[in-house]
Amino acid sequence: MDAGSLPSTNNNSTNDNMASQSSQTSNEVTSTHHSKKSHGSNAVLGRTSRSSSTRQLSSAESALCGATAGVVSRVIVSPFDVVKITLQLETRRRALSIPRGLSNSMVTCARQIMQKEGVRGFFKGNLSAEYLYLTYGATQFLVFGTVESWLERVSGLPKQARSFVGGALAGAIATSITYPFDLLRTRFIAQQLSSRVHSSILGAIRHIHHEEGLRGFYRGLWPACLQIMPYMGIVFTSYDVLASGYRRARARSNSRLLRAIDPVQDAVVGASAAVIGKTCVYPLDLVRKRLQIQGPHLTSYAFGGVPKYSGMMDALAYIVRHEGFLALFRGLTPALIKAAPASASVFFVFGYTRDMLLSVRP
């Protein structure tokens, strides 16, 4: 799913685990907010201003922070999500130029949604998406922290490797658990408000189960897992690399620009990591959306324009052959625009919720 990158829940004063969304800068950076301290590479998830020692969130607290961050993020990015999925389900062949053609198609799509469905059209599927982000965020935060802590105890892997493995496993497990909500979101967005296939979440669940069985809730799961594992691995690794580079730059310079970034460093680095990850795996995301609306009511979604596919490879081949290679990147512009505020808001809300929880501890 597009939940953006999510932070680690592991706090260890001896490693600088910057792959987490809420991991903090080194003591050189935090000294600009508190007192001057000796240089180090302490990545502290549970930051406090009282001392340089780390404070660890419990699994339940980490899950709560992740769930809260996911819900808030969803509200912010819903319009971008609707435009992105609408473009992904468009099948007309057209010559796209990058970036002008992609951005123009985004504006045109948004205008058409407004004309046909009004503001409500930008929030189709929002309730199922909220359930998705709520459960996905909580699950992923919990799994990532658990896996990373375990790897640190039993393996000699470097922190980048732990981040990659932890992020990939957390993404795959969270995706599998919450996938039915993702499918429901896509179907609600793909249908028109004037001619609905499903009128409610419970009705959709009953309808899909009756007509398609349990498998109907997991159409497109394979490309979703193939997408999310490298995506989260790339995101967490990119975050680690970018944050380490920021710390080195901050240690060498006290420029006005870097001082301005300090309060929002987590958000800036997290958003950049999310954009890198999203671009790398985007074709699989598009195929996933196409597969999610397959079924007995295929012609009722996306104006009936999406053909029937036998699987992931058939969908990829058909799209390239009939729509052109660049069609694999339909909706990339709103996806990238969405990735930045989504990831930034998750970082910010997670950190804010974490600090509130730590501040009320005895």
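Residues numbered from 1 in each chain as written. Predicted model: local features only at pLDDT ≥ 70, side-chain atom pairs only at ≥ 80, totals over all residues. Heavy atoms only, no water.

The subject of this paragraph is the overall build of the protein chain. When its secondary structure is counted, the protein chain shows 11 helices and zero strands. Looking at the protein chain as a whole, 56% of its 362 residues are labelled buried. Within the protein chain, residue pairs in contact and separated by at least 24 positions form 78% of the contacts whose partners lie at least 6 positions apart. Approximately 15,200 Å² of the protein chain is accessible, and the part contributed by carbon and sulfur atoms is 63%. (Helix = DSSP H or I, 4+ residues; strand = E, 2+ residues; numbered from the N terminus. Buried < 20%, exposed > 50% of the residue type's maximum accessible area, 1.4 Å probe, protein only. Contact = heavy atoms within 4.5 Å. Areas by Shrake-Rupley, 256 points an atom, 1.4 Å probe, with all protein chains shown as cover.)

With 32 residues, the main nonpolar core has Val 83, Leu 89, Val 287, Ile 293, Val 306 and Ile 319 as its most contacted residues. Of all the elements in the fold, those that place two or more residues in this core are helix 2 (59-88), helix 3 (100-117), helix 5 (159-190), helix 9 (265-292), helix 10 (312-323) and helix 11 (332-359). Examining the composition of this core, we find that five residues originate from one element, helix 9, more than from any other. Excluding its chain neighbours within four sequence positions, the residues that come into contact with Leu 89 are Ala 190, Lys 289, Arg 290, Ile 293, Ala 302 and Val 306. Residues Leu 151, Ala 170, Ala 172 and Val 269 belong to the second largest nonpolar core, which totals 20 residues. (Core = buried A, V, L, I, M, F, W, Y, C linked by side-chain atoms within 4.5 Å.)

Should the pLDDT be low somewhere, the predicted coordinates at that spot are not to be read in detail. Overall, the predicted model of the protein chain reaches an average pLDDT of 76, with 81% of residues at or above 70. Across the protein chain, the element-wise mean pLDDT spans from 36 in helix 1 (residues 27-30) up to 93 in helix 10. Note on residues 96-101: pLDDT under 50 across the span, and five contacts to partners over four residues away in sequence or across chains. (pLDDT = per-residue confidence, 0-100.)

Before going further, it helps to examine the pattern of salt bridges. For the structure shown, the criterion picks out 14 salt bridges. For Arg 330, the salt bridge is made with Glu 90, and the minimal N-O distance between the two is 3.3 Å. One end of the pair, Arg 330, is in the loop between helix 10 and helix 11; the other, Glu 90, is in the loop between helix 2 and helix 3, and 240 residues separate them in sequence. Given the relative accessible area of 3%, Arg 330 is considered buried. Assessed through its relative accessible area of 16%, Glu 90 is described here as buried. Across the pair Arg 219 and Glu 212 runs a salt bridge, and its minimum N-O distance is 2.8 Å. The structure contains a network of salt bridges with shared partners spanning Asp 81, Lys 84, Asp 182, Arg 185, Asp 285, Arg 288 and Lys 289. (Salt bridge = Lys/Arg side-chain N within 4 Å of Asp/Glu carboxyl O.)

With respect to the secondary-structure elements, Glu 323 resides in helix 10. Among the polar contacts made by the side chain of Glu 323, one reaches the side chain of Arg 290 at a distance of 3.0 Å. Excluding its chain neighbours within four sequence positions, the residues that come into contact with Glu 323 are Glu 90, Thr 91, Arg 93, Arg 290, Tyr 309, Tyr 318 and Arg 330. (Polar contact = N/O pair within 3.5 Å; in protein donor to acceptor, adjacent residues only side chain to side chain.)

The interhelical angle for the contact between helix 4 (residues 126-154) and helix 5, taken along N-to-C directions, is 165°, at an axis separation of 8 Å. What the angle tells us is that helix 4 and helix 5 run roughly antiparallel. For helix 4 against helix 5, the interelement crossing comes out right-handed. Class assignment of the residues belonging to the contact of helix 4 with helix 5 gives a composition of 18 nonpolar, 10 polar and five charged. (Axes fitted to C-alpha atoms, helices over the stretch in contact; angles between N-to-C directions. Parallel < 35°, antiparallel > 145°, perpendicular 65-115°, else oblique. Left-handed = near helix turned anticlockwise from the far one by under 90°. Nonpolar A, V, L, I, M, F, W, Y, C, P; charged D, E, K, R; others polar.)

Every α-helical turn comprises 3.6 residues, leaving residues that sit three or four positions apart pointing alike. Compared with the 44 Å implied by 1.5 Å per residue over 30 residues, the 36 Å span of helix 2 between its first and last C-alpha is markedly short. In the structure, helix 2 departs most strongly from a straight axis at Val 77, where the bend amounts to approximately 60° and where the proline Pro 79 lies between one and four residues downstream. (Expected span 1.5 Å × (residues − 1). Bend = angle between axes of the 7 residues up to and from the residue.)

With that out of the way, let us pick up the packing of helix 5 against helix 9. Interaxial distance between helix 5 and helix 9 falls to 9 Å at its minimum, and their mutual angle equals 80°. The angle between the axes of helix 5 and helix 9 places the two elements in the roughly perpendicular class. Contacts from Tyr 179, Asp 182, Leu 183, Arg 185, Thr 186 and Arg 187 of helix 5 reach helix 9 at Arg 288, Lys 289 and Gln 292. Classifying every residue of the contact of helix 5 with helix 9 by side-chain character gives two nonpolar, two polar and five charged.

Enumeration over the complete set of coordinates arrives at six aromatic pairs. Note on Tyr 282 and Phe 329: the rings are 6.4 Å apart at their centroids and 15° apart in plane angle, and the pair reads as stacked. Taken as a pair, Tyr 282 in helix 9 and Phe 329 in the loop between helix 10 and helix 11 lie far apart in primary sequence, 47 residues in all. When its relative accessible area of 0% is taken as the criterion, Tyr 282 is described as buried. Phe 329 sits in the buried class, given a relative accessible area of 17%. Members of the aromatic cluster, joined through ring pairs, are Tyr 282, Phe 325 and Phe 329. (Phe/Tyr/Trp six-rings, centres within 6.5 Å; stacked < 30°, edge-to-face > 60°.)

With that out of the way, let us pick up helix 6 (residues 201-212). For helix 6, spanning 12 residues, the distance from its first C-alpha to its last is 16 Å, which sits close to the expected 16 Å at 1.5 Å a residue. Those residues of helix 6 not exposed but buried are Ile 201, Ala 204, Ile 208 and Glu 212. Within helix 6, the buried residues cover an arc of 55° as seen down the axis, which keeps them to one side. Away from its buried face by more than 90 degrees, helix 6 exposes Leu 202, Arg 206 and His 210. Contacts from the buried residues of helix 6 go to helix 4 and helix 5. (Arc of directions from axis to C-beta.)

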